[in-house]
Amino acid sequence: MTVADRIACIIANEISAQTEQVHATVAMLDKGDTVPFVARYRKEATGGLDDTQLRNLSERLGYLRKLAERLDYLRDLEKRRASILGEIQSQGKLTDALARSIEKADTKSVLEDLYLPYKPKRRTKAMIARENGLGPLLCSILGDRRADPAVLAQSYLSGSVETVKDALNGARDILVEELGENAALLGRLRQVMQQDALITSRVTSGKEESGV
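Conventions we followed
- Residues numbered from 1 in each chain as written.
- Predicted model: local features only at pLDDT ≥ 70, side-chain atom pairs only at ≥ 80, totals over all residues.
- Heavy atoms only, no water.
- Helix = DSSP H or I, 4+ residues; strand = E, 2+ residues; numbered from the N terminus.
- Buried < 20%, exposed > 50% of the residue type's maximum accessible area, 1.4 Å probe, protein only.
- Areas by Shrake-Rupley, 256 points an atom, 1.4 Å probe, with all protein chains shown as cover.
- Axes fitted to C-alpha atoms, helices over the stretch in contact; angles between N-to-C directions.
- Left-handed = near helix turned anticlockwise from the far one by under 90°.
- Contact = heavy atoms within 4.5 Å.
- Nonpolar A, V, L, I, M, F, W, Y, C, P; charged D, E, K, R; others polar.
- Parallel < 35°, antiparallel > 145°, perpendicular 65-115°, else oblique.

**Things to note about the overall build of the protein**
Here is step 1: A count of helices and strands for the protein gives 12 helices and 0 strands.
Here is step 2: Moving toward the C terminus, one meets the helices and strands of the protein in the order α-α-α-α-α-α-α-α-α-α-α-α.
Here is step 3: Here the protein holds 212 residues, and 27% of them are scored as buried.
Here is step 4: Split by element, the accessible area of the protein, about 14100 Å² in all, is 51% carbon and sulfur.

Below you can see the structure in the form of structure tokens.
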């Protein structure tokens, strides 16, 4: 299935239309026809999208604007998907499981979450901690919660890691980075925030008139 067909199928399923109808509408938008022009004069050319379908997204103009926006979003998503797959492949880190997850990603947020651990970045504290051999210390701490982390850290002291505190801080830096790059965890947190977060605002004292 081509990228164009994949996008058309997604949109068609979202509005209970045929892929051919979506293809026809997309072709007109690509040709330069404006949204109002298509809505007013090209209804038959879209394959007969009925008023009920259009009403599902408010009005005909609203639907076509959303279609155009959705089309741009999905095209950008596919370009980004291809770019990310290529980048991770060039690093030699693309596994079959990761490739499947990337192919299934249906939003840019999910896609970027998956890419985060492989995204080129400046040298971080976690990178330095790994270079200093503190990755196994984190594994030991997580593997045995009854053990005293300070005692475990004694075995990881070196010229680069002079104190137990340095060792534990390094293990913590690795853990923080791993949690921050965990796509499944980020997805769950985003879902919780969308469902339960409460955002409030208030005027700064003394700024009542300006509304700041």
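From this point, the narrative continues.
**What to know about the packing of helix H7 (residues 108-115) against helix H12 (residues 183-196)**
Two quantities define a packed helix pair, namely the angle between the axes and the distance from one axis to the other.
Here is step 1: Two elements in contact, H7 and H12, have axes separated by 8 Å at closest approach and are oriented at 145 degrees. The crossing of H7 and H12 is right-handed. Facing Ser109, Asp113 and Leu114 of H7, the residues of H12 in contact are Ala183, Leu186, Gly187 and Arg190.
Here is step 2: Of the residues contributing to the contact of H7 with H12, the split by class is 3 nonpolar, 2 polar and 2 charged.

**A closer look at the packing of helix H9 (residues 135-143) against helix H11 (residues 164-180)**
Here is step 1: Look at H9 against H11: their axes get within 9 Å of each other, and the N-to-C directions meet at 80 degrees. By the angle between their axes, H9 is roughly perpendicular relative to H11. Where H9 approaches H11, its residues Gly135, Leu137, Leu138, Ile141 and Leu142 are matched on the opposing element by Ala167, Leu168, Ala171, Ile174, Leu175 and Glu178.
Here is step 2: A class-by-class count of the residues in the contact of H9 with H11 yields 9 nonpolar, 1 polar and 1 charged.

In short, the description is geometric, and any link to function would need to be established separately.
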